[in-house]
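Chain by chain, the residues:
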Amino acid sequence: MYFRYLYGIFVGTLTILAVILLGVKGITALALLAFRPLIMRWKKMHTDERELSLFYKTNSITLGVIIFLIILMYFTVGQNAKDLFTPYWLTIFAASAVAIQGVVGLILLRLK
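Scope of this entry: the structure provided in the associated data block. (Residues numbered from 1 in each chain as written. Predicted model: local features only at pLDDT ≥ 70, side-chain atom pairs only at ≥ 80, totals over all residues. Heavy atoms only, no water.)

1. A word on the overall build of the protein chain
- Regarding its fold elements, the protein chain presents four helices and zero strands.
- Listing the helices and strands of the protein chain from first to last along the sequence gives α-α-α-α.
- Its C-alpha atoms give the protein chain principal-axis dimensions of roughly 50 × 30 × 15 Å.
- Here the protein chain holds 112 residues, and the buried ones make up 30% of them.
- In the protein chain, the proportion of contacts linking residues at least 24 apart, taken out of those at least 6 apart, comes to 80%.
- Here the protein chain displays about 7,900 Å² of accessible surface, and carbon together with sulfur accounts for 71% of that area.
- Across the protein chain, the 11 positively charged side chains and the 4 negatively charged ones have centroids separated by 6 Å. (Helix = DSSP H or I, 4+ residues; strand = E, 2+ residues; numbered from the N terminus. Buried < 20%, exposed > 50% of the residue type's maximum accessible area, 1.4 Å probe, protein only. Contact = heavy atoms within 4.5 Å. Areas by Shrake-Rupley, 256 points an atom, 1.4 Å probe, with all protein chains shown as cover. Lys, Arg positive; Asp, Glu negative; His and termini not counted. Charge placed at Lys NZ, Arg CZ, Asp CG, Glu CD.)

Below is the structure:
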């Protein structure tokens, strides 16, 4: 289970850096998420019900954190957000969501 969340943090951070440094070509780093099921099958990592419920809880908390960040950005930046958002803001935001999911998952694993 740690692998799933550490891999998400790694791919999210790598994608953010790749988009900032390479522009449009950096979006392809997000495709590394497609290898996670293959690696988990290759290493014979199977999820049980406890891990599956933790994964669903992680997704719920991640969605809450993302909504909170969107509202926070709206009220702090306001309508003058043109300087803040690059042309690749959606990709950076998606990669941030993957990284946030990894961080929330690791925190929940530490608490249990």
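2. Here's the deal with the packing of aromatic side chains
- Taken as a whole and assessed by the stated rule, the structure comprises two aromatic pairs.
- On the basis of an interplanar angle of 50° and a centroid distance of 6.3 Å, the ring pair of F55 and Y56 is categorised as tilted.
- Between the NZ or CZ atom of R4 and the centre of the ring of F55, over which it lies, the distance is 4.5 Å. (Phe/Tyr/Trp six-rings, centres within 6.5 Å; stacked < 30°, edge-to-face > 60°. Lys NZ or Arg CZ within 6 Å of the ring centre and 35° of its normal.)

3. Some points on the packing of helix 1 (residues 2-22) against helix 4 (residues 89-111)
- Between helix 1 and helix 4, the least distance of the axes is 8 Å, while the angle of their chain directions is 155°. In this view, helix 1 runs roughly antiparallel relative to helix 4, as classed from their interaxial angle. Here the hand of the crossing between helix 1 and helix 4 comes out left-handed. Contact with helix 1, carried on its side by Y2, Y5, L6, G8, I9, G12, T13, T15, I16, V19 and I20, involves T91, I92, A95, S96, V98, A99, Q101, G102, V103, G105, L106 and L109 of helix 4 and no other residues of that element.
- Looking at side-chain class alone, the contact of helix 1 with helix 4 contains 14 nonpolar, nine polar and no charged residues. (Axes fitted to C-alpha atoms, helices over the stretch in contact; angles between N-to-C directions. Parallel < 35°, antiparallel > 145°, perpendicular 65-115°, else oblique. Left-handed = near helix turned anticlockwise from the far one by under 90°. Nonpolar A, V, L, I, M, F, W, Y, C, P; charged D, E, K, R; others polar.)

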